[in-house]
Amino acid sequence: MTAKMVTEGHELPVLAIDLGGTKIISAMVAADNRVLAKDYRLTLADEGRTAVINRIFAGIDTLLGQTGSLPAQLGGISVAAAGAIDSARGLITVSPNLPGWRDVPLRDILRGKYGIDTFLINDANAAALGEHGCGAGVGVNNLIYVTVSTGIGGGIIIDGKLYSGACGSAGEIGHMTIDVNGPRCSCGNIGCLEVLASGTAVAKEAIERVSRGESSSITDIVEGKVANITAKEVGMAAQQGDALALDIISKAATYLGVGLVNLVNIFNPEMIVVGGGMSKMGDFLLEPARQLVAGRAMPLSAGAVRIVKAELGEDSGVLGAAIFARQQKLV
Ligand SMILES: [Zn+2]
């Protein structure tokens, strides 16, 4: 152990925050990745940046109070947030969850208030670190994490380390082109994996097909309020054996599988961990994707990869943010 490792306190708890579009989860995370205390509050992003940042402060202050800690007793504060995060400069450059935020120096805002080391990382990259450090991928050296939720994101672990790319924006798995003639994606490109296989894509297709008169138990689940259909209801209907729901999910799973074939051929990972809300569909989503990988990826790589469900659930972001902080302190 070097002197630097001893003096910089990486054994202290990290106050980790997952800044999502709906809620802010804050957690005091011990050095062994146990969650010691947790705080939830709504993001309410439409109230504006200052209000959201004040809620982040409130979450931090609540946990400091609950655990009787002073900022100086922490190993740092670490935030996982959706969007294009410039980790090196500590900026949220743009975020789909935080309308109007542009180049917000959240890392330095927190450092200015609490006077300790602070860190900022993309939420899917954080989740990759979390699943690798204490979830489905413990002991796996080459791992790709894919989150399939309202959007699709990811993180790439190579030789045990997060691959960040030139400016920290690597791992945007959701924006790999799957269909050159496909629909327009929110990123401006066309035919991205996200626009074909995300929860939003599944809900949109279900709404369109039910509205066109296709019969499905999805309609009963939402009590006829077709506009309220989300991927969750499509998943529920699939579990009841509903033909339309099964067809929609199998189509999304096929697109996801094509994306995974590309990843398997490029990275030859030992494991692909699938998280996010859509992963709750389990084998409805994963099995067609596994079959596609087995049938289409290069045989050597296809034979080496396990495609599994994430294990950490909502804690993946805060656990990964805490791991990121410790890794940064050791650099
Ligand atoms: Zn895109």
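This structure is a prediction, so every number in the text was calculated from the model and none was measured. (Residues numbered from 1 in each chain as written. Predicted model: local features only at pLDDT ≥ 70, side-chain atom pairs only at ≥ 80, totals over all residues. Heavy atoms only, no water.)

Here we come to the packing of aromatic side chains. Counted under the stated rule, the structure contains 2 aromatic pairs. With a centroid separation of 6.1 Å and an interplanar angle of 70 degrees, the aromatic rings of phenylalanine 57 and tyrosine 114 are classed as edge-to-face. Residue phenylalanine 57 is found in helix α2 (residues 49-67), and its partner tyrosine 114 is found in helix α3 (residues 106-114); the two are separated by 57 residues along the sequence. When sorted by exposure, phenylalanine 57 lands in the same class as tyrosine 114, which is buried. (Phe/Tyr/Trp six-rings, centres within 6.5 Å; stacked < 30°, edge-to-face > 60°. Helix = DSSP H or I, 4+ residues; strand = E, 2+ residues; numbered from the N terminus. Buried < 20%, exposed > 50% of the residue type's maximum accessible area, 1.4 Å probe, protein only.)

With that settled, the discussion passes to a positive patch on the surface. On the surface, a cluster of positive charge is made up of Lys23, Lys232, Lys280 and Lys309. On the secondary structure map, lysine 232 appears in helix α8 (residues 231-239). The exposed category is assigned to lysine 232, whose relative accessible area is 61%. (Patch = residues over 30% accessible without salt bridge, like charges linked within 9 Å, V, L, I, M, F, W, Y side chains within 5 Å. Areas by Shrake-Rupley, 256 points an atom, 1.4 Å probe, with all protein chains shown as cover. Salt bridge = Lys/Arg side-chain N within 4 Å of Asp/Glu carboxyl O. Lys, Arg positive; Asp, Glu negative; His and termini not counted. Charge placed at Lys NZ, Arg CZ, Asp CG, Glu CD.)

A few words on the coordination of the zinc ion. Protein coordination at the zinc ion comes from His175 (ND1), Cys185 (SG), Cys187 (SG) and Cys192 (SG), with a distance range of 2.0 to 2.4 Å. Taken together, the 4 donor atoms coordinating the zinc ion span angles of 105 to 122 degrees at the metal, a pattern that classifies the geometry as tetrahedral. One chain supplies every donor for the zinc ion, spaced along it as H-x9-C-x1-C-x4-C. In this pair, histidine 175 sits in the loop between β10 (161-162) and α5 (193-197) while cysteine 185 sits in the loop between β10 and α5, placing the two residues 10 residues apart along the sequence. (Donors = N, O, S within 2.8 Å, 3.2 Å for Na, K, Ca; no water. Tetrahedral: all angles 85-135°; square planar, octahedral: opposite > 155°, others 65-115°.)

Here we come to helix α4 (residues 123-134). The end-to-end C-alpha distance of α4 is 16 Å, a good match for the 16 Å that 12 residues give at a rise of 1.5 Å each. The element α4 is extensively covered by neighbouring structure, given that 9 of its 12 residues are classed as buried. Within the span of α4, buried status applies to Ala124, Asn125, Ala126, Ala127, Ala128, Leu129, Gly130, Glu131 and His132. Regarding α4, its N-cap is asparagine 122, as a side-chain oxygen of that residue lies 2.9 Å from the backbone nitrogen of alanine 124 further along. (Expected span 1.5 Å × (residues − 1). Polar contact = N/O pair within 3.5 Å; in protein donor to acceptor, adjacent residues only side chain to side chain.)

Across the sheet, 5 strands lie side by side as β3-β2-β1-β4-β7; this open sheet has mixed pairing. Of all strands in the sheet, those with a lone pairing partner are β3 (35-42) and β7 (118-122), marking the two edges. Direction aside, neighbouring strands of the sheet carry axes that sit 15 degrees apart on average. The strands touched by α4 within the sheet are β1 (14-19), β4 (76-81) and β7, with β7 carrying the most contacts at an inclination of about 100 degrees. Here helix α12 (residues 316-330) sits on the sheet and contacts β1, β2 (23-29), β3, β4 and β7; the angle it forms with β1, its principal contact strand, is near 130 degrees. (Pairing = 2+ DSSP bridges. Axes fitted to C-alpha atoms, helices over the stretch in contact; angles between N-to-C directions. Contact = heavy atoms within 4.5 Å.)

We now examine the confidence of the model for the chain. Considering every residue of the chain, the mean pLDDT works out to 94; 97% of them sit at 70 or more. Under a pLDDT of 50 for its full length, residues 1-7 has, in the predicted model, 4 contacts with residues more than four places off or in other chains. (pLDDT = per-residue confidence, 0-100.)

Further remarks concern the side chain of serine 301. Along the chain, serine 301 falls in helix α11 (residues 299-302). Not counting the four nearest positions on each side in its chain, serine 301 is found in contact with Val264 and Asn268.

You can see lysine 309 is positioned in strand β12 (residues 306-309). Residue class for lysine 309 comes out partly exposed when judged on its relative accessible area of 40%. Taking the C-alpha atoms as reference points, lysine 309 and isoleucine 157, separated by 152 residues in sequence, lie 16 Å from one another. The contact partners of lysine 309, leaving out residues within four places of it in the chain, are Ala136, Val273, Val274, Ser279, Lys280, Gly282 and Leu286.

In this structure, Val146, Val234, Leu260, Ile272 and Val293 are the most contacted members of the largest nonpolar core, which totals 45 residues. Listed by contribution, the elements that provide at least two residues to this core are β8 (143-148), β9 (152-158), α5, α6 (199-211), α8, α9 (243-267), β11 (271-275) and α10 (283-296). For this core, the leading source of residues is α9, giving 11 residues. (Core = buried A, V, L, I, M, F, W, Y, C linked by side-chain atoms within 4.5 Å.)

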